[in-house]
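Residue strings, one per chain:
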Amino acid sequence: MALVKTLAKRGQFNMWFDRQAARTTNELYAAQFGVGVSRKCVQSLGVSHVLWVETDTGETAGAVMLRRQSMEPLFRVQGLAVSPEFQRQGYGSMLISSIDDFVGNGATVWLCVDNGKRNTFWLVQWYLRMGFVLAYRDPRLSYRDDEIPMKKSIKH
């Protein structure tokens, strides 16, 4: 049985958290996005939380990093990745559900899908099924021209 684990940053400068976040996500993100995660990367992205799915054999099946923006409950997904051998088994959905529970009622979670990639259409459709909506008109969100902004308001 898989278990979702969490790691939360305590204080603005927490090198232990930055190292743990990088260790937890580095291999998985390198395989999925072509770029690994270093302690400095975690710091520069402003990551405040990491959630990951650990299998009963201790493998990391998937992970997501979050950045809390401002004092309002607004969280940006800084990459959600599921290891290829665990894809299409519900681990991504498990992470999204865990984010919803973790950030709590009234929060907004947002992310960007890279436009023009091979899997862009599939990812947008999947996030729509997970309760996200297109968010081009939300002034709180900043994104590049080659990104598709999506958001989800958490209501339990």
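Residues numbered from 1 in each chain as written. Predicted model: local features only at pLDDT ≥ 70, side-chain atom pairs only at ≥ 80, totals over all residues. Heavy atoms only, no water.

Caption draft 1: Quick look at the nonpolar core. Core analysis: the biggest nonpolar cluster contains 27 residues, and Val64, Val77, Leu80, Ile99, Val103, Tyr127 and Met150 have the highest contact counts within it. For this core, the secondary-structure elements that each account for two or more residues are β2 (49-54), β3 (60-69), β4 (74-82), α3 (91-103), β5 (108-114), α4 (120-129) and β7 (147-153). Element by element, the count of residues in this core is highest for α3, at five residues. Among residues more than four places away in sequence, those in contact with Ile99 are Leu51, Val64, Leu66, Val77 and Val109. Within the second largest apolar cluster, 14 residues are counted, among which are Leu7, Ala22, Tyr29 and Val50. (Core = buried A, V, L, I, M, F, W, Y, C linked by side-chain atoms within 4.5 Å. Buried < 20%, exposed > 50% of the residue type's maximum accessible area, 1.4 Å probe, protein only. Helix = DSSP H or I, 4+ residues; strand = E, 2+ residues; numbered from the N terminus. Contact = heavy atoms within 4.5 Å.)

Caption draft 2: Region of interest: the pattern of salt bridges. On inspection of all chains with the given rule, the structure shows nine salt bridges. For the salt bridge of Asp18 with Lys9, the shortest nitrogen-to-oxygen distance reads 3.0 Å. Ionic pairing is found between Glu72 and Arg140, a salt bridge with its closest N-O pair at 2.9 Å. Residue Glu72 is found in the loop between β3 and β4, and its partner Arg140 is found in the loop between β6 (133-134) and β7; the two are separated by 68 residues along the sequence. Residue Glu72 is classed as partly exposed on the basis of its relative accessible area of 35%. Look at the salt bridges and you will find they share partners, linking Glu72, Asp138, Arg140 and Lys151 into a network. (Salt bridge = Lys/Arg side-chain N within 4 Å of Asp/Glu carboxyl O.)

Nothing here speaks to function; it is all geometry.
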